[in-house]
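Given next are the chains, with one letter for each unit.
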Amino acid sequence: MMEALTKDVIFKKSPQELTALLYEGIIDNLEQAIELINEKSYVQANAKLQRTNDILHRLGVGLKYEAGPIGQQLDMLYNYMADQIIIANVKKDVSILRDMITLIEPIIHAWNEILKKKVNVSQSSTVRKVSAYENSIMRVQN
């Protein structure tokens, strides 16, 4: 379960930790949407699925394409997932949502493993780092 995210908590996180939180948010929202669809609470499920697609959009905005082909591959994955979530939302098809969880879980696992190995680096340089993710968000808002 995601911890309560206040502005202070978010500000203290490194860009890598924020990405991990976004990934965690995808899983949480998809799991909740599955439960809500099974309960026939479609309005609430719709809200969870829209929130999931918002997270995927934010992850896509923050990709560093100059870092290599992984950026383009993640972009394609995020777009595919967003499209599938829309289809699942229209059809109220939880099997598609489970497939999306299956797709994103290995990425989350790999991301968390990387975070464990670089925990000391991210803590000491958090203040001076401005990630492409944050820069992209600022560009979108302007």
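Refer to the structure presented above.
In what follows, the accompanying structure is described.

### A closer look at the packing of aromatic side chains
The geometry of two aromatic rings is summed up by the distance between their centres and the angle between their planes.
Line of reasoning, step 1. Scanning the model with the defined rule gives one aromatic pair in all.
Line of reasoning, step 2. Ring geometry for tyrosine 23 and tryptophan 111: centres 6.1 Å apart, planes at 75°, overall edge-to-face. A residue pair is termed long-range when its members are at least 10 positions apart, and tyrosine 23 in helix H2 (residues 15-38) and tryptophan 111 in helix H5 (residues 94-117) qualify at 88 residues.
Line of reasoning, step 3. Classification of tryptophan 111 by relative accessible area gives partly exposed; the value is 24%.

### Remarks on the side chain of asparagine 29
Line of reasoning, step 1. Note that asparagine 29 resides in helix H2.
Line of reasoning, step 2. Once you skip the residues sitting within four places of it in the chain, asparagine 29 turns out to touch Lys48, Arg51, Thr52 and Ile55.

### Section: the pattern of salt bridges
Line of reasoning, step 1. Counted according to the given criterion, the structure contains one salt bridge.
Line of reasoning, step 2. The salt bridge partner of lysine 116 is glutamate 113, with a shortest N-O separation of 3.3 Å. Placement of the pair is lysine 116 and glutamate 113 together in helix H5, with a separation of three residues, close to one helical turn.
Line of reasoning, step 3. We classify lysine 116 as exposed; its relative accessible area is 59%.

### Description of a negative patch on the surface
Line of reasoning, step 1. Where like charges cluster on the molecular surface, the negative patch consists of Glu31, Glu35, Glu39 and Glu105.
Line of reasoning, step 2. One can find glutamate 35 in helix H2.

The rules behind these values
- Residues numbered from 1 in each chain as written.
- Predicted model: local features only at pLDDT ≥ 70, side-chain atom pairs only at ≥ 80, totals over all residues.
- Heavy atoms only, no water.
- Phe/Tyr/Trp six-rings, centres within 6.5 Å; stacked < 30°, edge-to-face > 60°.
- Helix = DSSP H or I, 4+ residues; strand = E, 2+ residues; numbered from the N terminus.
- Buried < 20%, exposed > 50% of the residue type's maximum accessible area, 1.4 Å probe, protein only.
- Contact = heavy atoms within 4.5 Å.
- Salt bridge = Lys/Arg side-chain N within 4 Å of Asp/Glu carboxyl O.
- Patch = residues over 30% accessible without salt bridge, like charges linked within 9 Å, V, L, I, M, F, W, Y side chains within 5 Å.
- Areas by Shrake-Rupley, 256 points an atom, 1.4 Å probe, with all protein chains shown as cover.
- Lys, Arg positive; Asp, Glu negative; His and termini not counted.
- Charge placed at Lys NZ, Arg CZ, Asp CG, Glu CD.

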